[in-house]
Amino acid sequence: MATTAEQKDFIVAVELGSSKVTGIAGQKKPDGSISVLAIVREDSSSFIRKGRVYNIDKTAQCLTNIVKKLEGQLKQRITQVFVGVGGQSIRGVKNTLAMDLSQNAIVTQEMVADLMDSNRNMEYPEQRILDVAEQEYRVDSQYQMDPVGIRANRLEGNFLNIVARNEFYMNLNRCFESANINVADMFLAPLALADAVLTEGEKRSGCALVDIGADTTTVSVFWKNVLRHLVVIPIGSNNVTKDIASLQMEESEAEAMKIKYASAYTDNSEIDPTLKYSIDPDRQVESRRFIEIVEGRMEEIIENVRYQIPDEYYGKLLGGIILTGGGANMKNIEKAFSNSTRIEKVRVAKFVTATINSGNDQIKAKNAMYNTVLGLLIKGDQNCAGGIIDPNGDLFDNDNHETPGVNPRKPRQAHEVAPGVIRTAQEEERAQEEARKMKEEEERLRREEEERRAEEELRRKKENSKWNKFKRGFGNWIKDFTEPE
């Protein structure tokens, strides 16, 4: 869709994390690989906490800076971005709905759609449904992933509704509106991450994906290729840093010590009681005390993860536990998880499964810190490129430049949205407006049909009235009497 020899197509994704907001631009190649063209990160600790936006103005300004810096690297305008939605506000809630069918009826797609629509219309106090993961359907006494075509007397649908606070959802949308940034699509970040780092075998045989971020740890449980459980625990690797800082040091020093010395598991036989770790040339801390602090907090995180894996799936996780995120870089973290959860199969997903080409050292490090934003980039399916920036013009003048390539999606109703995709507030408004117009049109047609039927009934009654029958009979008598033989 490039209009000139210099202009190129690319996709842009933005991840709003508790410690950093990351923007990335990449180009998809015919062979399925992605070339990273630009990447920008900005600190977000002062306005995003545990994945929730607390200051709309600062977040909007950060997003504006991200886009401007990406445009500066690309030398090309950005018309829209893909966004990941995650953080403490989201969680999975199970729901079951059923309908009784006529005697030995065949389940149709319309019946399934009715159940799905009824589930989508569920109301949760101060929360909204962002996405729905279909679990399975119960057809009489049998469970089926696809019940269409089966004879039954009763159909029951099991769903996992991904919900979030209304405030969280609206604040997120307001940030992009304030920054005047078009959102191509919003993706559920844990699902985008899962698609990027898990294998089909792991999702099919059962696994728990544990994303250890700065302020939160997200647990996503899969079985038979279906998301079965999703929860965000409000604790992450920054809690380890703060605990280390309690040893009388700045958090920046504690973070450096965590990266250099911290281990999620240390065998007692390997602890040297005389060893000390240096904070700086003048200060030291006993290694045993340091180890106890780090392991204590990591045990808390791991126990919370263990508690959040439903018992019904705990023994079915043949794919094991897959760790990712910046917090998964700690030494011996696989050993710590295996010891505490009694699940032997534990691996760290350092990078996404797709082929990524980049000259950026941060991406090339493959340290799991960019897996989510790369997952968002992989899922992007619309061109985000605008016009070429005039090198002689004002790079940061966004008021008068054209933004070609933005073609807003046709408003999608809830059942038309793909799994893992969240409708933006604007799209919801357009979809609601379209649904209202359709309802009005249906109501108009219904009234016209009722009026037509009423007129037809009135005409029929008039024709069959006694007076009309008498007039017709009298007319026929006169006709017979006056006609010559």
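Keep in mind it's a predicted model, so treat the numbers as computed, not measured. (Residues numbered from 1 in each chain as written. Predicted model: local features only at pLDDT ≥ 70, side-chain atom pairs only at ≥ 80, totals over all residues. Heavy atoms only, no water.)

Helix-helix packing: each pair is described by the crossing angle between the helix axes and the interaxial distance. One way to put it is that helix H4 (residues 189-197) packs onto helix H12 (residues 371-379) with a least axis distance of 8 Å and a crossing angle of 85 degrees. Considering the angle they form, H4 stands roughly perpendicular to H12. In this structure, H4 uses Ala 189, Ala 192, Leu 193, Asp 195, Ala 196 and Val 197 to contact H12, whose residues at the interface are Asn 371, Thr 372, Gly 375, Leu 376, Ile 378 and Lys 379. When the residues that make up the contact of H4 with H12 are grouped by side-chain class, the tally is 7 nonpolar, 3 polar and 2 charged. (Axes fitted to C-alpha atoms, helices over the stretch in contact; angles between N-to-C directions. Helix = DSSP H or I, 4+ residues; strand = E, 2+ residues; numbered from the N terminus. Parallel < 35°, antiparallel > 145°, perpendicular 65-115°, else oblique. Contact = heavy atoms within 4.5 Å. Nonpolar A, V, L, I, M, F, W, Y, C, P; charged D, E, K, R; others polar.)

Ile 24 and Leu 374 are the most contacted members of the largest nonpolar core, which totals 75 residues. Here this core gets 7 residues from one element, more than from any other, and that element is helix H1 (residues 56-74). Beyond its immediate sequence surroundings of up to four residues, Leu 374 is in contact with Ile 24, Val 36, Phe 351, Val 352 and Ile 356. In this structure, Val 210, Val 231, Ala 264 and Val 305 belong to the second largest nonpolar core, which totals 44 residues. (Core = buried A, V, L, I, M, F, W, Y, C linked by side-chain atoms within 4.5 Å. Buried < 20%, exposed > 50% of the residue type's maximum accessible area, 1.4 Å probe, protein only.)

The next point concerns the packing of aromatic side chains. For the coordinates displayed, the defined rule picks out 6 aromatic pairs. Note on Tyr 261 and Phe 290: the rings are 6.3 Å apart at their centroids and 80 degrees apart in plane angle, and the pair reads as edge-to-face. Placement of the pair is Tyr 261 in helix H7 (residues 251-261) and Phe 290 in helix H8 (residues 287-308), with a sequence separation of 29 residues. Relative to Phe 290, the ring of Tyr 277 lies with its centre 5.3 Å away and its plane at 90 degrees, an arrangement referred to as edge-to-face. With Tyr 277 in strand S16 (residues 276-280) and Phe 290 in helix H8, this pair connects stretches of sequence that are 13 residues apart. One aromatic cluster is present, formed by Tyr 261, Tyr 277 and Phe 290 through successive ring pairs. Lying over the aromatic face of Tyr 54, Arg 49 brings its terminal NZ or CZ to 4.9 Å of the ring centre. Here Lys 203 stacks its cationic end above the ring of Phe 222, 6.0 Å away from the centre of that ring. (Phe/Tyr/Trp six-rings, centres within 6.5 Å; stacked < 30°, edge-to-face > 60°. Lys NZ or Arg CZ within 6 Å of the ring centre and 35° of its normal.)

What follows covers helix H3 (residues 166-178). Along its 13 residues, H3 runs 18 Å from first to last C-alpha, staying within 8% of the 18 Å computed at 1.5 Å per residue. When H3 is considered as a whole, its buried residues turn out to be Phe 168, Tyr 169, Asn 171, Leu 172, Asn 173, Cys 175 and Phe 176. Downstream of H3 by a residue or two, Asn 180 has a phi angle that is positive, lying close to 55 degrees. (Expected span 1.5 Å × (residues − 1).)

A separate point is the confidence of the model for the chain. Mean pLDDT for the chain: 88, with 89% of residues reaching 70 or above. Note on residues 1-5: pLDDT under 50 across the span, and 5 contacts to partners over four residues away in sequence or across chains. For the stretch residues 395-406, pLDDT sits under 50, and the model shows 21 contacts to residues farther than four places along the chain or on other chains. (pLDDT = per-residue confidence, 0-100.)

Bringing the sheet that holds strand S15 (residues 226-233) into the picture now. In space, the 5 strands of this open sheet follow the order S15-S14-S13-S18-S19, with mixed pairing throughout. With partners counted over all chains shown, the strands left at the sheet margins are S15 and strand S19 (346-348), one partner each. Between one strand axis and the next, the sheet turns by 15 degrees as a mean value, whatever way the strands run. Where strand S13 (residues 207-212) meets strand S18 (residues 320-324), 5 bridges bridge the pair, whose relative direction is parallel. Across the sheet, residue Ala 208 finds its bridge partner in S18, namely Ile 321. (Pairing = 2+ DSSP bridges.)

Now for unusual backbone geometry. Positive phi is not limited to glycine here, since Glu 126 has a value of about 60 degrees. Locating Glu 126 in the fold gives a position in the loop between helix H2 (109-120) and strand S9 (127-139).

This part is about the side chain of Thr 59. Examined against the element boundaries, Thr 59 turns out to sit in helix H1. Beyond its immediate chain neighbours, meaning those up to four positions away, Thr 59 contacts Leu 16, Phe 47, Ile 48, Val 53 and Cys 175.

Here we come to the pairing of strand S7 (residues 81-85). Across the 5 residues that make up S7, a large majority, 5, are buried. Residues of S7 alternate between two faces, with Val 81, Val 83 and Val 85 on one and Phe 82 and Gly 84 on the opposite face, all of them buried. Alignment of strand S1 (residues 11-16) against S7, held across 3 bridges, turns out to be parallel. Residue pairing for S7: Glu 15 is matched across the bridge by Gly 84. Pairing between S7 and strand S12 (residues 183-188): 5 bridges, direction parallel.

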